[in-house]
Every structure is written in structure tokens, then in C-alpha cells.
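# Breakdown of the fold
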Amino acid sequence: MRHWCADHGVIYQSFWTLTANPHILASNTVRTIAQKYRRTEAQIFFRYLSQSGIVPITGTTSEQHMREDLGIFDFELSFEDLKNVTLLLNQG
Ligand SMILES: NC(=O)c1ccc[n+]([C@@H]2O[C@H](COP(=O)([O-])OP(=O)(O)OC[C@H]3O[C@@H](n4cnc5c(N)ncnc54)[C@H](OP(=O)(O)O)[C@@H]3O)[C@@H](O)[C@H]2O)c1
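Summarised in this report is the structure supplied together with it. Being a predicted model, the structure only gives us computed values, none of them experimental.

The rules behind the values
- Residues numbered from 1 in each chain as written.
- Predicted model: local features only at pLDDT ≥ 70, side-chain atom pairs only at ≥ 80, totals over all residues.
- Heavy atoms only, no water.
- Near = heavy atom within 4 Å.
- Polar contact = N/O pair within 3.5 Å; in protein donor to acceptor, adjacent residues only side chain to side chain.
- Areas by Shrake-Rupley, 256 points an atom, 1.4 Å probe, with all protein chains shown as cover.
- Helix = DSSP H or I, 4+ residues; strand = E, 2+ residues; numbered from the N terminus.
- Nonpolar A, V, L, I, M, F, W, Y, C, P; charged D, E, K, R; others polar.
- Buried < 20%, exposed > 50% of the residue type's maximum accessible area, 1.4 Å probe, protein only.
- Contact = heavy atoms within 4.5 Å.

Moving on, we come to the site of the ligand. Surrounding the ligand, one finds 15 residues, the nearest of these being Trp-16, Thr-19, Thr-58, Thr-60 and His-65. A distance of 3.1 Å separates an oxygen atom of the ligand from a polar backbone atom of Leu-18. Between an oxygen atom of the ligand and a side-chain N or O atom of Thr-19, the distance comes to 2.7 Å. For the ligand, whose free accessible area comes to 910 Å², the fraction covered by protein is 57%. A total of three residues in the shell around the ligand trace back to one element, the largest contributor, which is helix α5 (residues 63–70). For the shell around the ligand, the class distribution of residues is five nonpolar, eight polar and two charged.

In C-alpha cells:
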């Protein structure tokens, strides 16, 4: 579906981005990447999605979280880190 969307100019979005993926955020993989880039786990996941061509939808009542959620465009995950998160997601 994502390939079809990309080919047809349809923006693919994620919802329940954080609430549906607590195991991803708490994983050793994402924690290690977060430490490496000095970002939060949420920022790593949002950045991963963005670099994968997905626009993450989230929401917050916290100014700090909003700053974090918007602060994902000044760093870039390496190919290796993208691959490791993809492997994690494919494990289900
Ligand atoms: N169109 C649709 O089909 C559809 C479907 C589902 C949802 N939505 C909408 O999409 C929006 C997002 O909702 P969602 O539940 O899907 O988003 P979500 O990312 O799964 O969860 C948002 C929750 O994550 C927390 N959060 C946000 N940023 C964070 C951060 N940096 N670190 C830690 N926690 C963070 C927020 O809590 P705090 O307030 O404590 O930050 C909030 O409770 C809502 O407006 C919802 O109505 C639309």
C-alpha cells in the first residue's frame, strides 16, 4: 500500500503512533539509538517514520513533548539504524 501511495502522490500517515507501539519505544534497539543521537525514544521513532516516507500523526498536552515531536528535522538516522528499527518492527 505504501508503494502505491508513493507512486500516486498519496501521503501515508500513521496514527496511534506512540500509543500502539510501547514495545518499540521501550526496546533496546530504540533506546540504544536514542542514546547515540541524544534524542528521546519518541523522537527516534518519529524520525524513523519520516525517513521511511511516513508522516507520523501524534498529539500532546505537553509543551515539552510538542517541542520534542517537532524537533526531528535536524538530525538523520543512519542506514544501519533504519534497518535495525525495520527489523524490530518486522518481528511484530
Ligand atoms: N484520523 C484518524 O483516523 C485518527 C485515528 C487516531 C487518532 N487520530 C487523531 O490523531 C491525533 C493523535 O492521537 P494518537 O493517539 O493517534 O497519537 P499517539 O502518538 O499514539 O499518542 C499521543 C500520546 O502520546 C503522548 N506523547 C506525545 N508526544 C510524546 C513524547 N514526545 N513523548 C512521550 N509521550 C508523548 C501524548 O501524551 P502527553 O499529552 O502526555 O504528551 C499522548 O497521550 C489525535 O488528535 C487523534 O484524535 C486520528
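From this point, the narrative continues.
Right, let's get into the environment of Ser-78. Within the secondary structure, Ser-78 is located in the loop between α5 and α6 (79–90). Ser-78 gets classed as partly exposed once you look at its relative accessible area, which sits at 27%. Along the sequence, Ser-78 and His-23 sit 55 residues apart, while their C-alpha atoms lie 22 Å from each other. When near neighbours in sequence (up to four residues on either side) are disregarded, Ser-78 contacts Lys-36 and Tyr-37.

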